[in-house]
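# Geometric and topological summary
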Amino acid sequence: MAITSAISETALAQTLNLTDQDVLLVISNSGESKQILKQEKIAKQRGLTIIAITNRNDSPISLAADFQLTTAVRPPLLQSTYYYSRLAAMTVIEALFLLMIAKQPARSAKIKRHEELIADTKI
């Protein structure tokens, strides 16, 4: 089961409801978000495992995490937004998901069944 929020106040509330059996996954391009650092502090107090995806392995968010996954992203040439870093983070999340599902055949079967159920909605 996974929950998410891009709103820091909601993410913090969600973290307060997690247990030491849960994992907190945080994502930050710079690794310097005050809100995420606060969330990591609460997660540590609650005994959660923290995984950070950042573009800097020496960032405060990476250093506060139990595990860090560093993306390798170059600056954009033709745009001034952070879309490039989001793509890298989403690729890491997709890889983690596929690795976890590969170890859980029962869940893989449910995902396959779901895809079969919705396949008729496509042309």
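What comes next concerns the included structure.

### Some remarks on the packing of helix α1 (residues 8-16) against helix α2 (residues 34-45)
- Interaxial distance between α1 and α2 falls to 9 Å at its minimum, and their mutual angle equals 5°. Taken together, the axis directions place α1 and α2 in an arrangement best described as roughly parallel. Along its contact with α1, which presents S8, A11, L12, T15 and L16, the element α2 presents Q35, K38, Q39, I42 and A43.
- For the contact of α1 with α2, the residue count by class is five nonpolar, four polar and one charged.

### Describing the sheet that holds strand β1 (residues 23-28)
- Taken in spatial order, the three strands of this open sheet run β1-β2-β3, and their pairing is parallel. Looking at strand neighbours, the two that pair on one side only are β1 and β3 (67-70), the edges of this open sheet. Within this sheet the neighbouring strands show an average axis-to-axis angle of 15°, counted without direction.
- Alignment of strand β2 (residues 49-54) against β3, held across four bridges, turns out to be parallel. Its bridge partner lying in β3, I51 is registered against F67.
- The strands touched by α2 within the sheet are β1 and β2, with β1 carrying the most contacts at an inclination of about 165°.

### So, the pattern of salt bridges
- Using the criterion set out here, one finds four salt bridges in the structure.
- Across the pair E32 and R56 runs a salt bridge whose closest N-O atoms are separated by 2.7 Å. With a gap of 24 residues between them, E32 in the loop between β1 and α2 and R56 in the loop between β2 and α3 (60-64) connect regions that are remote in the sequence.
- Assessed through its relative accessible area of 28%, R56 is described here as partly exposed.
- Between R113 and E116 there is a salt bridge; the shortest N-O distance is 3.8 Å. Taken together, the residues R113 and E116, both in helix α5 (residues 105-118) and three residues apart, mark about one turn of the helix.
- With relative accessibility at 46%, the residue R113 sits in the partly exposed group.
- For E116, a relative accessible area of 44% gives the class partly exposed.
- Overlapping salt bridges bring together E32, R56 and D58 as one network.

Conventions we followed
- Position numbers for residues count from 1 along each chain, tracking the sequence in the order it is written.
- It should be noted that, the model being predicted, local features are given only for residues of pLDDT at least 70 and side-chain atom pairs only at 80 or more, the latter also being counted only at that level, while totals for whole chains, interfaces and linings use all residues.
- Water and hydrogen atoms play no part in the side-chain values, which are based on all heavy atoms of the structure.
- Note on geometry: axes are lines fitted to C-alpha atoms, helical ones only across the stretch in contact, with angles between N-to-C directions running from 0 to 180 degrees.
- Strands here are runs of E lasting at least two residues and helices are runs of H or I lasting at least four, both read from the DSSP assignment and numbered beginning at the N terminus.
- Throughout this description, any angle smaller than 35 degrees is read as roughly parallel, any larger than 145 degrees as roughly antiparallel, any in the 65 to 115 degree range as roughly perpendicular, and the remainder as oblique.
- We call two residues in contact when some of their heavy atoms are within 4.5 Å.
- Under the scheme applied, nonpolar residues are Ala, Val, Leu, Ile, Met, Phe, Trp, Tyr, Cys and Pro; charged residues are Asp, Glu, Lys and Arg; polar residues are all the others, including Gly.
- In this description, strands pair whenever DSSP reports at least two bridges between them.
- Whenever Lys or Arg places a side-chain nitrogen within 4 Å of a carboxyl oxygen from Asp or Glu, that contact is recorded as a salt bridge.
- For every residue, the accessible area obtained with a 1.4 Å probe (protein chains only) is divided by the maximum for its type, and the residue is called buried under 20%, exposed over 50%, and partly exposed between those limits.

Keep in mind these numbers describe shape, not what the thing actually does.
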